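Remarks on the overall topology
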Amino acid sequence: MKNITPPDLDRHRGAQRSTWVSVIVNIGLSLLQIVVGLFAHSQALIADAIHSLSDLLSDFVVLIANRHSRQGPDADHPYGHLRYETAATLAIGGILLAVGLGMLWNAVSSLRDPSSIEAVHPIALAIAFIALCSKEFLFRYMLRVAKRLRSTMLVANAWHARSDAASSLVVSVGVMANLAGLPLGDPLAASVVGLMILRMGWKFSIGAFHDLTDKAVDQETEERIAKLLRETPGVEGIHQLRTRKLGDMIWVEVDLEMDGSLTIDQGHAIAVAARDRVMAEEPVLDVMTHFDPVTPNAKA
């Protein structure tokens, strides 16, 4: 078995740092929105606070997964622990689906009984605007870190923050409508936020599910990997190219066709060169190769 290098320590420290920033921001926003939402009688603002609390839950899921995924291979996990990140992404998606359904249910209940909708205090609008600015800043910061670290788990968490920013924008519009004399604006805003969260939850859940069930990487990525392998000097062709995701990394297995007259040492050197080319250009954890001897002239 080839030795697999554990994920870089800086990658996990960066992920942990950005997630703790999200935790601190969301704790502050959640407390502020709940207190003001209850005082101002704004269902939309309270819904936004619940969304922020779901961010907190997802942040802690990310922290736990980040701690475990940094572990290298062991007897129980010979391929390492990178799929903890995929499991965390699936958990975040499930959280979003549950939160979205709950918010949508509460909003629809209010819309069925418009007489129960109270006038919103103007302070709710100021808090919604503060939340909007804070969450948009948080999204941009987290996405920048996620791209630098090439972490789909952190990208999922960043877009969770962006869905919060979008929901705060909708809440602001709903509160303004309520203040303008349209009481249905507040619960309508809460229902829109619920739909947005449901959509994002489905996107992350189905993506993580595909990775956990060993779905191949997208065709474009697979074609780039195949091209790198074919262009390696000494490789006459390839077949049985198989790919799957391990966290944010790709595991590759392939049969390399080489001149059957080569020695074992020569064939091994070509296989290593092919592996190194792929790992230098793509986020590939390892390339497992099999040597198939061919007669170059006859193969054409």
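Predicted, not measured: the structure shown is a model, and the values here were computed from it.

1. Comments concerning unusual backbone geometry
If you check the backbone angles, H41 has positive phi at about 60° while not being a glycine. Inspection of the secondary structure assignment puts H41 in the loop between helix 1 (9–40) and helix 2 (43–69). Taking the relative accessible area as the measure of exposure, H41 reaches 40% and is therefore partly exposed. Unusually for a residue other than glycine, D214 sits at a positive phi of about 60°. Since its relative accessible area comes to 37%, D214 is described here as partly exposed.

2. Here's the deal with the packing of helix 3 (residues 83–112) against helix 6 (residues 185–212)
Where helix 3 contacts helix 6, the axes come no closer than 7 Å and their chain directions differ by 155°. By the criterion of interaxial angle, the relationship of helix 3 to helix 6 is roughly antiparallel. In the packing of helix 3 onto helix 6, the handedness of the crossing is left-handed. Residues of the contact of helix 3 with helix 6, tallied by class, amount to 22 nonpolar, ten polar and two charged.

3. Description of the confidence of the model for the chain
In low-pLDDT segments, the atomic positions of the prediction should not be examined closely. On average, residues of the chain score 80 in pLDDT, and 83% of them are at 70 or above. Taken as a whole, residues 1–7 scores under 50 in pLDDT and shows 18 contacts with residues more than four places along the chain or in a different chain.

4. Some points on the nonpolar core
By size, the foremost hydrophobic cluster in this structure holds 25 residues, and its most contacted members are L45, L96, M103, A124, V171, V193 and I197. Of all the elements in the fold, those that place two or more residues in this core are helix 1, helix 2, helix 3, helix 4 (123–149), helix 5 (152–179) and helix 6. In contact with I197, other than residues within four places in its own chain, are H51, L96, V99, G100 and M103. Membership of the second largest hydrophobic core comes to 19 residues, among which are V217, A226, A274 and V287.

Definitions and limits used
Residues numbered from 1 in each chain as written. Predicted model: local features only at pLDDT ≥ 70, side-chain atom pairs only at ≥ 80, totals over all residues. Heavy atoms only, no water. Helix = DSSP H or I, 4+ residues; strand = E, 2+ residues; numbered from the N terminus. Buried < 20%, exposed > 50% of the residue type's maximum accessible area, 1.4 Å probe, protein only. Axes fitted to C-alpha atoms, helices over the stretch in contact; angles between N-to-C directions. Parallel < 35°, antiparallel > 145°, perpendicular 65-115°, else oblique. Left-handed = near helix turned anticlockwise from the far one by under 90°. Nonpolar A, V, L, I, M, F, W, Y, C, P; charged D, E, K, R; others polar. pLDDT = per-residue confidence, 0-100. Contact = heavy atoms within 4.5 Å. Core = buried A, V, L, I, M, F, W, Y, C linked by side-chain atoms within 4.5 Å.

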